[in-house]
Amino acid sequence: MASNKSTNRSRLVWLLLLAGLIVLLVWIGLKGWRIYQTSSSLLSRQSQAESLLAAGPGNIDPDAAEDLVLGLRSDVLSLRNEVAFILPVLPYLDWLPRIGPLLASTPHLLEMADAGTEAAAYAFRGLKPALMLSTEEDDTNTRMPQLLQILEGAHSDLARASLSMDRVVAARNEIRNVDDLPWRVRTLLDQADNWLPLAQGGLRLSLVLPDMLGLDGPRRYLVIAQNEDEIRATGGFISGAGLIELEKGRISKLEFQDANSVDAWSANQVLTKPYGEPPKALSELMLLDLFLFRDANFWPDYPISAEKAMALYSYGENVPSVDGAIAIDQEFVKLLVSGTGPVLVPDTGEVISESNALKSLQDAWTLEDGVGNRKAFLGVFAQAIRNRLENEMSSVDPINLARKLGQALQEKNLQIHLRDPMTSAILADLGWDGRLAAPTDHDALMTVDSNMGYNKANTFIEQTIAYHVRLAEDGSAEADLTLTHIHNGEDNGEPCWQGTIEEYQQGGEYRDLTDKCYYNYLRVYVPEISRLVSGPQHLVPAETWYGGYDWDRPTEIHKEPPGFTAFANFMLVPKASELQSQYRYTLPATITQDVGRNKQYQLRLYKQSGAPEQPVEIAVT
């Protein structure tokens, strides 16, 4: 009797286990089927998106786009719900051959998809009226005020979309094993890496764009045209100044002038107002007596230089203070034309394209109307761009234009400093304002060149950086830095001389200003508590520069801007030669951080605006 009960109990247990297994298999089968269905739906959206975009960004059907966005959002939410039970386990499966890295990255990839579709849904809900407006045949001047009103009304949705996009970026930063992922996933991540900075920046900027473009009243901005062939701290010598006034998104005023004419000059070239002394380096190395507008960008922190430039502009032109300063260089002009497409200059009939933009700027130097009128080309070009955007916007690809402007901001060919606190904070957070942010918990390095030679020799200059950091167990650190400046110009036997007054006055070829020796005021910015152990001492012979005596001084140390120490040197690099500058200095203990049982070291390299790409060699011992 007991044996039969035991047998029945065993059968019951097996039946229950079998039933549970069947239920589990059915549940897994249903899960798998739903996951397959959802994945297939997601993949089918790709062809839907491609067909939607085939007609061009300006011809997108708003309703079809809304269906696509909401459909993607629904599919991603369904997929996340279906796989939620297994997500906590996946990061521990990276050891599996072939599929391990993909499984470990899946939670972050799904987070990117979830946050990305959430951002798209919020943004589309706010901006659908703008998309509907873009399909209408109104001219740009009529449409812009309406677009700004739509942006203002969509502020809440755009703010939520911005927060969701921040989640996308955070999730992407968690995926570090990209090379181990399948090709299709790597391709998608490469595409995301190209667009995420622009999407994140665009959403944040949209929150303040109505105010920036003068929805509630006129906004006036100083435009600072810099020439990186004569490099200065924020990008290049200030060759031109512009004033742009925006009201309700429309350009109500746009004018350019030569930078030399900004200051308070009389008709016979006598200053009618008192001006202060320039920074010490400019007075010692260029023998300047007064601090004028053209030299305002002495400080590598663009907001500092921009404030100086705005103050000098208002002072010299005797006009009210402007709302901000926008710095551009020659490369920006090239990128802008690449974004808008070829631009016709009505006065000359010249067509400026991406391929000839730089040459057009340089050819302007061959005009015979004097230095002051050579920069007038910028005014003519600006009017041509304005005409293109206001009257021919339908032929401009807005996505390509936004991408080129984003590239200019990322590479510092375009820098924006505005006085409005909220806008300024957003620009600083995006890294679009050229700010030199002080390091607090990491190492930092920035090399800043300033051409002191009254020429455009930087077209021939290359620089390499070799940086070796030694970290000790007690938290102390020491750095060796070697900078090499290489002059690729041909040595034609012409002696070095700092001035090129004849070339400026005689209206020679642009190359006459570039084929010169390089006089450089070099500054190296490191963390504030760093201490110089040894530095270079370069000789600039008396017969080569305006000073008239042998410059042979050791490295100078400056405590500016806050959070940094600067090592400064004056140097001469003749044509077809190179010159090394070697520094050894101690670093503050704050450059390393305790992370668990380990120490973490991070280095931030700052790129000087206008400087070409520099080969960098870093070694950490």
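Everything numeric in this text was worked out from a predicted model, so none of it was measured.

S.K.: Can you walk me through the packing of helix H6 (residues 183–206) against helix H15 (residues 421–430) in this structure?
M.R.: What describes two packed helices is the angle between their axes and the distance between those same axes. In contact at an axis separation of 10 Å, H6 and H15 are set at 175° when each is read in the N-to-C sense. If you check the angle between H6 and H15, you find them roughly antiparallel. Side by side, H6 and H15 meet where Gly201, Arg204 and Leu205 of the first sit next to Ile426, Leu427, Asp429 and Leu430 of the second. The residue makeup of the contact of H6 with H15, split by class, is four nonpolar, one polar and two charged.

S.K.: Can you help me understand the packing of helix H10 (residues 330–340) against helix H14 (residues 398–410) in this one?
M.R.: Where H10 contacts H14, the axes come no closer than 7 Å and their chain directions differ by 165°. Judged on the interaxial angle alone, H14 and H10 are roughly antiparallel. Two packed elements cross with a definite hand, and for H10 against H14 that hand is right-handed. Residues Phe332, Leu335, Leu336, Ser338, Gly339 and Thr340 of H10 touch H14, and the partners they reach there are Asn400, Leu401, Lys404, Leu405, Gln407 and Ala408. Across the contact of H10 with H14, the residue classes tally to six nonpolar, five polar and one charged.

S.K.: How do you make sense of the state of the cysteines when you look at a structure like this?
M.R.: Two cysteines joined by a covalent bond between their sulfur atoms form a disulfide. In this structure the tally under the stated criterion is one disulfide. The residue that forms a disulfide with cysteine 496 is cysteine 517, at a sulfur-sulfur distance of 2.0 Å. The disulfide joining cysteine 496 to cysteine 517 has a torsion of about -75° about its S-S bond and is therefore left-handed. Within this pair, whereas cysteine 496 is found in the loop between strand S10 (477–487) and helix H16 (501–506), its partner cysteine 517 is found in the loop between helix H17 (510–514) and strand S11 (518–527), the two being separated by 21 residues in sequence. In this structure, cysteine 496 and cysteine 517 share a single accessibility class: buried.

S.K.: How do you make sense of the pairing of S10 when you look at a structure like this?
M.R.: Taken residue by residue, a regular strand's side chains alternate between the two faces of the sheet. In terms of residue burial, S10 counts as a mostly covered element, since ten of its eleven residues are buried. Pairing geometry for strand S9 (residues 461–471) and S10, over eleven bridges, is antiparallel. In the sheet register, glutamine 463 faces S10, and the bridge partner there is histidine 485. Hairpin geometry of S9 and S10 is characterised by an intervening segment of five residues between the two adjacent antiparallel strands and by a positive phi of about 95° at glycine 475. Here S10 pairs with strand S15 (residues 578–587) via ten bridges, running antiparallel.

S.K.: Would you mind showing me how to read the confidence of the model for the protein chain here?
M.R.: Taken residue by residue, the protein chain gives an average pLDDT of 86. The fraction at 70 or more is 86%. Within the model, pLDDT remains below 50 along residues 20–36, and this stretch shows eight contacts once partners closer than five positions in the same chain are excluded. When the criterion is pLDDT under 50, residues 367–372 qualifies, and its contacts beyond four places in sequence or with other chains add up to six contacts.

S.K.: Before we go on, may I ask you to explain the packing of aromatic side chains in this structure?
M.R.: For any two aromatic rings, the description comes down to two numbers: the centre-to-centre distance and the angle of the planes. Inspection of the entire model under this criterion finds 15 aromatic pairs. Geometrically, the ring pair formed by tryptophan 545 and tyrosine 549 is edge-to-face, given 5.1 Å between the ring centres and 70° between the ring planes. Between phenylalanine 567 and tyrosine 583, the ring centres sit 6.0 Å apart and the planes meet at 20°, which makes this aromatic pair stacked. One end of the pair, phenylalanine 567, is in strand S14 (residues 564–573); the other, tyrosine 583, is in strand S15, with 16 residues separating them in the sequence. By the burial criterion, phenylalanine 567 is buried, and tyrosine 583 matches it. Across the ring face of phenylalanine 298, the terminal group of arginine 523 is positioned such that the distance to the ring centre comes to 4.4 Å. Positioned above the aromatic ring of tryptophan 551 is the side chain of arginine 553, whose terminal nitrogen or guanidinium carbon lies 4.0 Å from the ring centre.

S.K.: Which parts of the structure should I look at to understand helix H9 (residues 302–317)?
M.R.: Spacing of three or four residues puts side chains on the same side of an α-helix, whose turn is 3.6 residues. With 16 residues, H9 extends 22 Å between its outermost C-alpha atoms, agreeing within 8% with the 22 Å of an ideal straight helix rising 1.5 Å per residue. Taken together, the buried positions of H9 are occupied by Tyr302, Pro303, Ser305, Ala306, Ala309, Met310, Leu312, Tyr313, Ser314 and Gly316. Packed against the buried residues of H9 are strand S1 (219–227), strand S2 (237–247), strand S3 (250–258), strand S4 (324–328) and strand S7 (414–418). Immediately beyond the C-terminal end of H9, within one or two residues, lies asparagine 318, with a positive phi of roughly 55°.

S.K.: Sorry, what's going on with the sheet that holds S3 here?
M.R.: Backbone hydrogen bonds hold the strands of a sheet together, and the pairing may be parallel or antiparallel. Pairing within the open sheet is mixed, and its five strands lie in the order S3-S2-S1-S4-S7. In this open sheet, the two edge strands, each paired with only one partner strand, are S3 and S7. Here the average twist between neighbouring strands, direction ignored, is 20°. Sheet strands touched by H9: S1, S2, S3, S4 and S7. Its angle to S7, the strand with the most contacts, is close to 70°.

S.K.: Mind showing me how you'd approach the side chain of arginine 73 here?
M.R.: Residue placement: arginine 73 occurs in helix H2 (residues 62–83). Aside from chain neighbours lying at most four places away, what touches arginine 73 is Asp114, Thr117 and Glu118.

S.K.: Would you mind going over the nonpolar core with me for this structure?
M.R.: Most often, soluble globular proteins keep nonpolar side chains buried together rather than apart. Membership of the largest hydrophobic core comes to 62 residues, with the highest contact counts inside it found for Met112 and Leu414. Discounting residues that sit within four places of it in the chain, leucine 414 has contacts with Ile326, Ala327, Ile328, Phe332, Ala408, Leu409 and Trp432. Of all hydrophobic cores here, the second largest spans 41 residues; its members include Ala241, Phe293, Ala306 and Phe570.

S.K.: What's the story with the sheet that holds S15 in this structure? I'm lost.
M.R.: With mixed pairing, five strands are arranged side by side in an open sheet as S12-S15-S10-S9-S19. A single partner strand is all that each edge strand has here, and the edge strands are strand S12 (531–534) and strand S19 (616–620). Taking each pair of neighbouring strands and ignoring which way they run, the sheet shows an average axis angle of 20°.

S.K.: I would appreciate a short explanation of the side chain of glutamine 498 in the present structure.
M.R.: Position of glutamine 498 among the secondary structure elements: in the loop between S10 and H16. Given the relative accessible area of 0%, glutamine 498 is considered buried. A distance of 2.9 Å separates a polar side-chain atom of glutamine 498 from the backbone nitrogen of tyrosine 546. Setting aside chain neighbours within four positions, we find glutamine 498 in contact with Leu285, Met286, Met452, Gly453, Tyr454, Tyr519, Thr544, Trp545 and Tyr546.

S.K.: Explanation requested: the pairing of strand S8 (residues 443–451) in the structure shown.
M.R.: By the criterion of burial, S8 is predominantly enclosed, with nine of the nine residues buried. The alternating pattern of S8 places Asp443, Leu445, Thr447, Asp449 and Asn451 and Ala444, Met446, Val448 and Ser450 on opposite faces, both of which are buried. Sheet analysis places S8 next to strand S18 (residues 603–606), joined by four bridges and oriented parallel. When the bridges of S18 are listed, methionine 446 appears paired with tyrosine 606. The sheet contact formed by S8 and S11 spans six bridges and is antiparallel. Bridged to serine 450 within S11 is tyrosine 521.

About the cut-offs
- Residues numbered from 1 in each chain as written.
- Predicted model: local features only at pLDDT ≥ 70, side-chain atom pairs only at ≥ 80, totals over all residues.
- Heavy atoms only, no water.
- Axes fitted to C-alpha atoms, helices over the stretch in contact; angles between N-to-C directions.
- Helix = DSSP H or I, 4+ residues; strand = E, 2+ residues; numbered from the N terminus.
- Parallel < 35°, antiparallel > 145°, perpendicular 65-115°, else oblique.
- Contact = heavy atoms within 4.5 Å.
- Nonpolar A, V, L, I, M, F, W, Y, C, P; charged D, E, K, R; others polar.
- Left-handed = near helix turned anticlockwise from the far one by under 90°.
- Disulfide = S-S within 2.5 Å.
- Buried < 20%, exposed > 50% of the residue type's maximum accessible area, 1.4 Å probe, protein only.
- Pairing = 2+ DSSP bridges.
- pLDDT = per-residue confidence, 0-100.
- Phe/Tyr/Trp six-rings, centres within 6.5 Å; stacked < 30°, edge-to-face > 60°.
- Lys NZ or Arg CZ within 6 Å of the ring centre and 35° of its normal.
- Expected span 1.5 Å × (residues − 1).
- Core = buried A, V, L, I, M, F, W, Y, C linked by side-chain atoms within 4.5 Å.
- Polar contact = N/O pair within 3.5 Å; in protein donor to acceptor, adjacent residues only side chain to side chain.

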